Amino acid sequence: MTPTRLINHLQYVICAVLCHVLITSPLWAQQATPIDTVINPVFKGMAWRNIGPTRGGRSLGATGSPSRKQEYYFGAVGGGLWKTTDGGTTWAPTTDGQLTSSSVGAVAVAESNPDIVYIGTGETQLRGNIMQGDGVYKTTNAGKTWTNIGLKNTQAIARVRIHPTNPDIVYVAALGHPYGPNEERGIFRTTDGGKTWKKVLYKGDKAGGVDLIIDRKNPNVLYASIWEVYRKPWKMWGGGGASGLFKSTDGGDTWTELTRKPGMPKGTVGKIGVTVSPVDPNRVWAIVEAEDGGVYRSDDAGMTWKHVNDERKLRQRAFYYSRIFADPLDKNGVYCLNVNFYKSTDGGVKFNKAITVPHGDNHDLWIDPADSTRMITANDGGGAVSVNGGKTWTDENFPTAQLYHVTTTSDFPYHIAGAQQDNTTVAVASEGWTNQLVKSNSIKKSEWGYEVGGGESGYIAQDPKNPDIFYAGSQGALLTRYDRSTGQTRDVQVYPRFFSGEPASALPERWQWTYPIVFAPKDPNRLYVCSQHVWVSTNEGQSWEKISPDLTLADTATLGKSGGVITMDMNGPEIYATVFALAPSYHDVNTIWAGSDDGLIHITRNHGKTWQNITPPDLPKHTRISIIEASRYKPGTAYVAAKRYQMDDRTPYLYKTNDYGKTWKKIITGLRTDDYAHSIREDITRPGLLYAGMEHGVWISFNDGETWQPLQLKLPDTQIADIQVTEKDVVIGTHGRSIYVLDDISPVREYTADLAKKPVHLFKPYYAVRRVQPAVFQYYLAKQVDSIKLEILDAAGTVIQSFTGNKPTNPKVDEDDDSGKPIVKLPTTAAGLNRFEWDLRYPGATYFNGMIMWGARPTSGPLALPGQYQVRVTVGDQSFTQPFEIRLDPRLKGVTTADVQEQFKMAMKLRDQTSKANDAVIQIRTLKEKLAKQPDNPANKKLKEQLSIIEENLYQIRNQSGQDPLNFPIKLNNRLAALWRSVENGDAKPTDGSYKVYEELSADLDRQMTELNTLTKAAKIGM
C-alpha cells in the first residue's frame, strides 16, 4: 500500500463521525426512523471512500465573482455545488452534508457582496435521467454554511438572478414538476433575501420559467420565458400552450408578453432563451424554438424583432439547449450554446466563431461584467474556466461522474466498471493504480481509469471465464465484446438494426438506454440481454436465441413519438415497454426473473419455455422495475427495487418474495417517504443483510428488509444508481459523485443488537495480501478507555509486534518523510468503532535520533511471511483474539513459498545487522559522552578519536537533512539497510549478488565491531 493510500485511510478514519449525526436534513431526520439507535456507535469510524473516476458529469449552472477573480462555482446535477478559489485549478464540493438534494441546476453570486450566493436545485434541461431538487438555498459566508430558503416544491429551477446592487432582491425561474402539473412554478421574487417569496409571473400548472435575465442598466427591467413541457417515462413533450416570452419594467410586478410582437414567429413556439446587452439595453436577443425559429434580435427593448439567424447548429435539440448570452462589453457580441459553443461579433447574424471547450453539450455561461475574456461555462462535463476569451479552459477533472450501473471485476485488487453518462465506459481500481497489473499496452489507462467498450449508458458484464473480456452496452442497442488484453472491440448486437429518431412502435426490437447485460451465475457460458424479449447467447454473442415472448404491457399509448409540438427527440431514453431488469437464479440454471419498465414481473423456471406473470398485485401500472436481486441463499427468494418518479410519484417501492413470486411483501419501513429506490442488493456472506440504493443515499436492513436505517456515513446526498457487494467491501455507483467504496464491512456483517451492549468487541479481520492489502483490525469500544494494547501473534502464539495506545485519535504524520524517522501509529481508544492497520511488517532496525538514510527505511521491518496469524486486543484485564491470514499476491507467477521464506530469512539477517551497526553508533556516542565528563588527558582524547573513526565508518555523521547523502558518502549501516530494501523489493528469492554483497558488508561490520570491542576492553569502559 502506497504512502498516499495510507494517508487517505488515516484521513477518512479520523473524519468519520456517528451515522445519526450525518443525517443532516431535518426532513430526513423526521422521515427516517432508525431501527435501533444504539447501532450508530458501532459504525463510528467507517466512511465511504471516493475512488473516482475524476471525470466531470453534467452541469447546467455556473458563475463567477466580479470582485474575486479566482473564485467560481458550478452546480453538478447529481453532485451538489462545487467551488474553486484558484481559478479552476482545483475544485471542492461546498454543500456536502447541508443540501437534501444532489441536483444543483442554477447558481448566482451577488455582485454587491460575493459572500452571498443563491442556488436553485433540480434540472430543467429535460433529458431522460434528470433529478429533482427541493428549492432555493442561500449562503452568506461564501459557501461555508447553507440554508434552504423556500420554494421546496418547485423541483426544477432554471435560473436564479440577483439584483446587481441589492442582494436581498432575487428572482427565480422555476420550471416546476417535470413529471406532473403543480402550482409552484413560474417566476418568483423575494425582496427580503429569501424570507418570503411572491409568485410574480404564472401561466398555469403545466408551464414554468425556463430563462430569466435582468437589465443591468435598469434592474427593474426583466425578461423571462415560460415553457410548457412535461415528461413521462416514454416521452418528453414540450412547446405550445402557455410557452412565450415576457417583459417587466417594474421589477416583476406586471408583465407584458412579447411572443407575438412584430417580427417574432407566427406559429407555435416552444422553449425560448433570452438575453439583453449590458452595453445597450435596447438590444435584446432571443433564441426561439419554432418551425421558423432561430435567433431573433430586438433593437427597441423587445417591441419589434428581426429574425437574424436560423442555423440548425444553434437550435437543434432545442429542449436540451436554447441558451444565449450577451457580451458585457461589446454591443455586437453574443454567444449561443448548443452541442458546440459559438460566438457572433455582428449582432447575431453569423455565429462563425466556434469556441472549443473541454466537453460538448453546453448549458450555461457567465462572463465577468468588467472583463469579457474571463468566463466560466457549464457543460455535460462540469464547469470550466477561461481567462482568454475561450482560447483555453481549465480541466474538468472532478469526481462528479454519473454512473448508471456498476460491476466489480474478478481482478485483484478488484476493479469497478460502469458506464458514465455523456462519456464512455470506465473501469477504476478499488485500491488505486499502484500494484495494478496492466496486461498490455491496449489498456488506455489514465488518471481516471480505462474503457471497457460500450458507451455512455447501460450495463457492463465481465466474462466469468476470461477476466479480460467485457460486454458493454449503450444507446441504439449497441453491444460490444471488448478484450482488454488486445484492445479489440467487436460489435455483437442481437439485432443490428440501428435506430434513431424513430418511435418505439416502429422498432422490431425495443432496446432501452440501459438494457440488462448479465451472465448466468450457474452457467458462465450463458449471456443474457433484453429488449422486450429475453435473449441468450452461449457463443460470446456470435448468435442469439430469443427465449421469451414480449414481457411488457406494450401499451400502444406508450410507444409513440417523443419530443414535442415542434421538435421530435427520439434517441433511446424514451424507448419504452422493455425488459429493464433481469436476474438469473443462483440455484437453478433454468430459473430467471424479469422485470419491465412498464410494471410487470415475470419468472421462468424452464429457461424460457414458459413464463408466469408474478407482478405484485399492488404494484401500480408504469412502475419501472429497476433492479431484481435473486437471492443467493433461498431459491424462491428475490428482492425488487422499483420507481415511479417519472409518474410524479416519489415514494419508495421495495418488495421481496420467498415463494417464487406467488406472494410479495412491501419492505419500506423506516425509509424516507420521498426517497425512491434505484437498487437493492443482498449481502454475499450474511443472509438477511440488505442494502438499498435510493435517490438520496444508502440504506441498510439487518432483518431481510423488515426495517431500514440510513448508512450514509458522511456520504453526500446523491443518487445511488447501483450497488455491488464484494468479499469485504460495499461499492456504490452514484449518478453524480462517481464511485464510492465502504471498506472492510465486517462491523456491518457481524452486527447484532447484543454486540452494541458489549464493552469491547474485536471484529474478525479479512485476509491481508503482501504489498497490496494491509491487515485491518476493527474493534468496538462502548466508551472511551484509558489504554489499549494490540498485539500481532504468529500461528504458534508468539508475539511479533505490539502496539499500545492511549489517545482517541492518531496525529497526522508525513507518510512520505524519507528521513528514516519511525512512523508510529497506535491503536486508538475512542468510543465507537476504531480501526488499526498493520503494514504486515515485523519490528524494524534500531533507530537513533537524527538518523538519516538514503534509499532505505530501516525502521520498517521485514515483511511477514504468508500464513496464519492472530490479533489480540487487550483492554484492562480483558483480552480478545481473532485469527487472520496473510497471503501472497495471487497475480504473481513463478514465485514459491520457499522463495519468500528465503527472502524473509535474508531480510531478518539484514535487519539484525543494521541494528547491530546502529546499536554500535549509540554505544559509541554514549561512551564519548562519558569520556567528555572525565579529565581531558591524552589517553581519553586518543580514545575518543578512535571511537569517532569507527562511528564514521558505521554512519555518515555529517548528514543533517534528507538529501545530505547526495553530498556526503553513505556508510556501512546505510549500505546494509539499502541492501535490505533491495532484497525486499518484490516477492522473490534474493539474487546471487545479494548474498555476495551481504557477506562483504557483514565482514566489514564484523571488523568494525571487533575494533570497537578491542577499544572498550583496553580502555576498561563499557556500557
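Residues numbered from 1 in each chain as written. Predicted model: local features only at pLDDT ≥ 70, side-chain atom pairs only at ≥ 80, totals over all residues. Heavy atoms only, no water.

A.B. asks: I keep staring at unusual backbone geometry and nothing clicks. Help me out?
C.D. replies: Residues other than glycine predominantly adopt negative phi, and peptide bonds predominantly adopt the trans conformation. Cis geometry marks the peptide bond from Gly-52 to Pro-53, where omega comes out at 5°. Note on placement: Pro-53 falls in the loop between β1 (48-52) and β2 (59-64). Cis geometry marks the peptide bond from Phe-412 to Pro-413; its omega dihedral reads -15°. Looking at the element boundaries, Pro-413 is found in the loop between β30 (403-408) and β31 (415-420). (Helix = DSSP H or I, 4+ residues; strand = E, 2+ residues; numbered from the N terminus.)

A.B. asks: Please clarify how the nonpolar core should be interpreted in this entry.
C.D. replies: Counting 48 residues, the largest nonpolar core has Ile-517, Tyr-528, Val-529, Leu-654 and Trp-708 as its most contacted members. When neighbours within four sequence positions are excluded, Leu-654 is seen to be in contact with Val-640, Ala-641, Lys-665, Lys-666, Ile-667, Ile-668, Leu-671, Ala-677, Ile-680, Ala-692 and Trp-708. With 32 residues, the next largest nonpolar core counts Leu-910, Tyr-955, Val-983 and Leu-1001 among its residues. (Core = buried A, V, L, I, M, F, W, Y, C linked by side-chain atoms within 4.5 Å. Buried < 20%, exposed > 50% of the residue type's maximum accessible area, 1.4 Å probe, protein only. Contact = heavy atoms within 4.5 Å.)

A.B. asks: Even after reading the chapter, I still don't get helix α8 (residues 972-983), so can you show me in this structure?
C.D. replies: Think of an α-helix as 3.6 residues a turn; residues three or four steps apart then line up on the same face. The end-to-end C-alpha separation of α8 is 16 Å, in line with the 16 Å expected for 12 residues at 1.5 Å each. With nine of 12 residues buried, α8 lies mostly within the body of the structure. By the burial criterion, the buried members of α8 are Leu-972, Asn-973, Asn-974, Leu-976, Ala-977, Ala-978, Leu-979, Trp-980 and Val-983. (Expected span 1.5 Å × (residues − 1).)

A.B. asks: When you look at the confidence of the model for the protein in this model, what are you seeing that I'm missing?
C.D. replies: Note that predicted coordinates carrying low pLDDT should not be read in detail. Averaged over every residue, the pLDDT of the protein is 93; residues scoring 70 or more account for 93%. Predicted confidence for residues 1-39 stays below pLDDT 50, and this span has 87 contacts to residues more than four positions away or in other chains. Below a pLDDT of 50 lies the segment residues 437-441, which in the model reaches nine contacts outside its immediate sequence neighbourhood of four places, other chains included. (pLDDT = per-residue confidence, 0-100.)

A.B. asks: Help me out: how do you make sense of the packing of helix α6 (residues 897-932) against helix α7 (residues 938-954) in this one?
C.D. replies: For any two helices packed against each other, one specifies the crossing angle of their axes together with the interaxial distance. For the pair α6 and α7, interaxial distance at closest approach is 10 Å and the crossing angle is 160°. Between α6 and α7, the angle is such that the two are roughly antiparallel. For the element pair α6 and α7, the recorded crossing hand is left-handed. Between α6 and α7, the residues in contact are Ala-917, Ala-920, Val-921, Ile-924, Arg-925, Leu-927, Lys-928 and Leu-931 and Asn-940, Leu-943, Lys-944, Leu-947, Ser-948, Ile-950, Glu-951 and Leu-954, respectively. Of the residues that constitute the contact of α6 with α7, the class distribution is 10 nonpolar, two polar and four charged. (Axes fitted to C-alpha atoms, helices over the stretch in contact; angles between N-to-C directions. Parallel < 35°, antiparallel > 145°, perpendicular 65-115°, else oblique. Left-handed = near helix turned anticlockwise from the far one by under 90°. Nonpolar A, V, L, I, M, F, W, Y, C, P; charged D, E, K, R; others polar.)

A.B. asks: Before we go on, may I ask you to explain the sheet that holds strand β45 (residues 612-613) in this structure?
C.D. replies: The pairing of strands in a sheet happens through backbone hydrogen bonds and is either parallel or antiparallel. Spatially, β42-β43-β44-β45 is the arrangement adopted by the four strands of the open sheet, whose pairing is antiparallel. Because the sheet does not close on itself, it has two edges, and the strands there are β42 (579-584) and β45. (Pairing = 2+ DSSP bridges.)

A.B. asks: Before we go on, may I ask you to explain helix α9 (residues 992-1019) in this structure?
C.D. replies: Relative to the 40 Å expected for 28 residues at 1.5 Å per residue, α9 spans 41 Å between its end C-alpha atoms, a close match to the ideal helical length. Turning to α9, its buried residues are Ser-994, Tyr-998, Leu-1001, Ser-1002, Leu-1005, Gln-1008, Met-1009, Leu-1012, Leu-1015 and Thr-1016. Check the buried side of α9 and you find it contacts α6, α7 and α8. Positive phi appears at Lys-1020, one or two residues downstream of α9, with a value of about 55°.

A.B. asks: Whenever I open this one, the packing of aromatic side chains confuses me. Can you help?
C.D. replies: To describe a pair of aromatic rings, you give the distance between the ring centres and the angle between the ring planes. Inspection of the entire model under this criterion finds 27 aromatic pairs. Aromatic side chains Phe-43 and Phe-702 sit 6.2 Å apart centroid to centroid with 25° between the ring planes, which places their arrangement in the stacked category. Pair noted here: Phe-43 is in helix α3 (residues 39-43) and Phe-702 is in the loop between β52 (698-701) and β53 (709-710), with a separation of 659 residues, a long-range link. For the pair Phe-43 and Phe-702, one class covers both residues: buried. (Phe/Tyr/Trp six-rings, centres within 6.5 Å; stacked < 30°, edge-to-face > 60°.)

A.B. asks: Help me out: how do you make sense of the pairing of strand β54 (residues 720-725) in this one?
C.D. replies: Counting buried positions over the six residues of β54 gives six, a clear majority of the element. Linkage of β54 to strand β55 (residues 730-734), two consecutive antiparallel strands, is achieved through a turn of four residues.

A.B. asks: What exactly am I supposed to notice about the pattern of salt bridges here?
C.D. replies: In a structure, side chains of opposite charge can pair up when their charged atoms sit close to one another. Counted under the stated rule, the structure contains 50 salt bridges. Across the pair Arg-681 and Asp-722 runs a salt bridge whose closest N-O atoms are separated by 2.9 Å. Residue Arg-681 is found in strand β50 (residues 677-682), and its partner Asp-722 is found in strand β54; the two are separated by 41 residues along the sequence. A single network of salt bridges, built from pairs that share partners, joins Arg-68, Glu-71, Lys-83 and Asp-115. (Salt bridge = Lys/Arg side-chain N within 4 Å of Asp/Glu carboxyl O.)

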